[in-house]
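# Chain and residue survey
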Amino acid sequence: MSVLELTLRRTVMAPLHLEIISPDNLSGKRWREIGDYMVWEGNRRVKLGSLFKIEGEAEANLQDTLIEIVGDMSRARRIGYRMSGGVIKIRGHGGLHVGESMRGGRIIVDGDAGPWLGANMAGGTIEVSGSAGDYVGAASLGTDKGMTGGSIIIKEDSGSQTGAWMHSGLIRISGSSGMFPGVHMRGGTIHIARDCSGRAGANMRGGKIVVSGKLPTVLPSFTFEDIRGQTRVDKDNVEGPFYIFSGDNNEDGDGRLFIKKASNPQLKWCEKFLEV
């Protein structure tokens with residue numbers, strides 16, 4: 001498999017709109033043609049070749065296309081927008097809206113990712129070796145359908161409102177999350193391996209949130225159901241035991257919260273309902 005490598009030529013101070021960088025757009029293209037694509041840098045249009053040193057070749061077959069981006073992409077937007085196959089590797093930070101509306105393929109971020117990672121995502125896989133900002137897998141502003149498929153794996157922490165309006169798919173966070181994970185959630189699974197800042201599952205109607213670390217409290221609009229020894233996250237068993245809550249009753253919801261018992265002694269009051 002040949003590699004198309006794009007190396008940032010200089011420090012960028014203005015936002016870069018890079019939705020053109022996707023296997024769907026670049027497979028089968030010659031480096032000279034790719035360099036002539038025009039993109040927005042702040043309020044001016046520039047050639048892609050003036051921003052990046054472009055080397056290698058893009059495979060003609062979409063699924064075999066591998067794009068490597070080298071440099072700090074913190075100011076970039078929409079790398080991998082609507083991609084349906086192939087691989088993008090970002091050797092540096094990833095910027096905003098990485099993998100927005102992605103339908104297939106794989107994105108690897110060797111650093112942190114900004115807000116709206118995998119927003120409106122429908123398929124494929126995104127892996128982030130660092131942390132991600134707010135609204136991971138969420139719905140775009142003004143819409144009510146976030147992630148509908150695929151998986152997002154974050155090795156460190158995520159910001160607030162992870163999985164907002166999520167309908168399906170999987171989000172794994174190896175670190176901690178901010179407030180409101182799974183707000184307005186309709187389906188899918190979120191696993192937070194460490195702590196959550198609070199208000200997990202607010203207004204959720206379906207889906208599953210697993211918190212293996214500490215959660216300050218469960219919203220009063222959830223009902224305690226049971227204690228279970230372990231639970232499934234995708235193909236894996238996650239060891240508990242877990243307190244299980246259903247809700248959000250404010251939305252007549254049927255979602256589930258799995259909160260690890262050992263990390264949350266403040267929820268011990270639930271156990272008296274099992275003794276009746």
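As a reminder, the structure under discussion sits directly above these lines.
Throughout what follows, the structure given in this document is the object of discussion.

Conventions we followed
- Residues numbered from 1 in each chain as written.
- Predicted model: local features only at pLDDT ≥ 70, side-chain atom pairs only at ≥ 80, totals over all residues.
- Heavy atoms only, no water.
- Core = buried A, V, L, I, M, F, W, Y, C linked by side-chain atoms within 4.5 Å.
- Buried < 20%, exposed > 50% of the residue type's maximum accessible area, 1.4 Å probe, protein only.
- Helix = DSSP H or I, 4+ residues; strand = E, 2+ residues; numbered from the N terminus.
- Contact = heavy atoms within 4.5 Å.
- Pairing = 2+ DSSP bridges.
- Salt bridge = Lys/Arg side-chain N within 4 Å of Asp/Glu carboxyl O.

### A closer look at the nonpolar core
- Residues Leu18, Phe52, Leu117 and Phe245 are the most contacted members of the largest nonpolar core, which totals 66 residues.
- With three residues, strand 1 (residues 3-8) is the single largest residue contributor to this core.
- Leu18 has contacts with Val39, Leu48, Phe52, Met73, Ala76, Arg77, Arg78 and Ile79, leaving out every residue within four places of it along the chain.
- In terms of nonpolar packing, the next biggest core, distinct from the first, is built from seven residues, Val210, Val238, Phe242 and Ile244 among them.

### Quick look at the side chain of Thr189
- Positionally, Thr189 belongs in strand 14 (residues 189-192).
- When neighbours within four sequence positions are excluded, Thr189 is seen to be in contact with Met166, Gly169, Leu170, Ile171, Lys208 and Val233.

### What to know about the pairing of strand 10 (residues 125-128)
- Taking every second residue as pointing to the same face, the buried face of strand 10 carries Ile126 and Val128, while none of Thr125 and Glu127 on the other face is buried.
- Pairing geometry for strand 9 (residues 106-109) and strand 10, over four bridges, is parallel. Bridged to Ile108 within strand 10 is Glu127.
- When strand 10 meets strand 11 (residues 151-154), the two strands line up parallel, connected through four bridges. Within strand 11, the position partnered with Thr125 by the bridge is Ser151.

### A word on the pattern of salt bridges
- Taken as a whole and assessed by the stated rule, the structure comprises 15 salt bridges.
- Here Glu225 makes a salt bridge to Arg256, at a shortest N to O gap of 3.3 Å. Placement of the pair is Glu225 in strand 17 (residues 223-233) and Arg256 in strand 19 (residues 255-260), with a sequence separation of 31 residues.
- Among the residues examined, Arg256 registers a relative accessible area of 23% and is labelled partly exposed.
- Each of the salt bridges in this network shares a partner with another, and the network as a whole consists of Glu5, Glu68 and Arg91.

### Section: the sheet that holds strand 4 (residues 44-47)
- Taken in spatial order, the four strands line up as 4-3-2-7 in an open sheet, and their pairing is mixed. Only two strands of the sheet have a single neighbouring strand rather than two, namely strand 4 and strand 7 (76-77).
- Where strand 3 (residues 38-41) lies against strand 4, four bridges are found, and the strand directions are antiparallel. Bridge pairing in strand 4 places Glu41 opposite Arg44.

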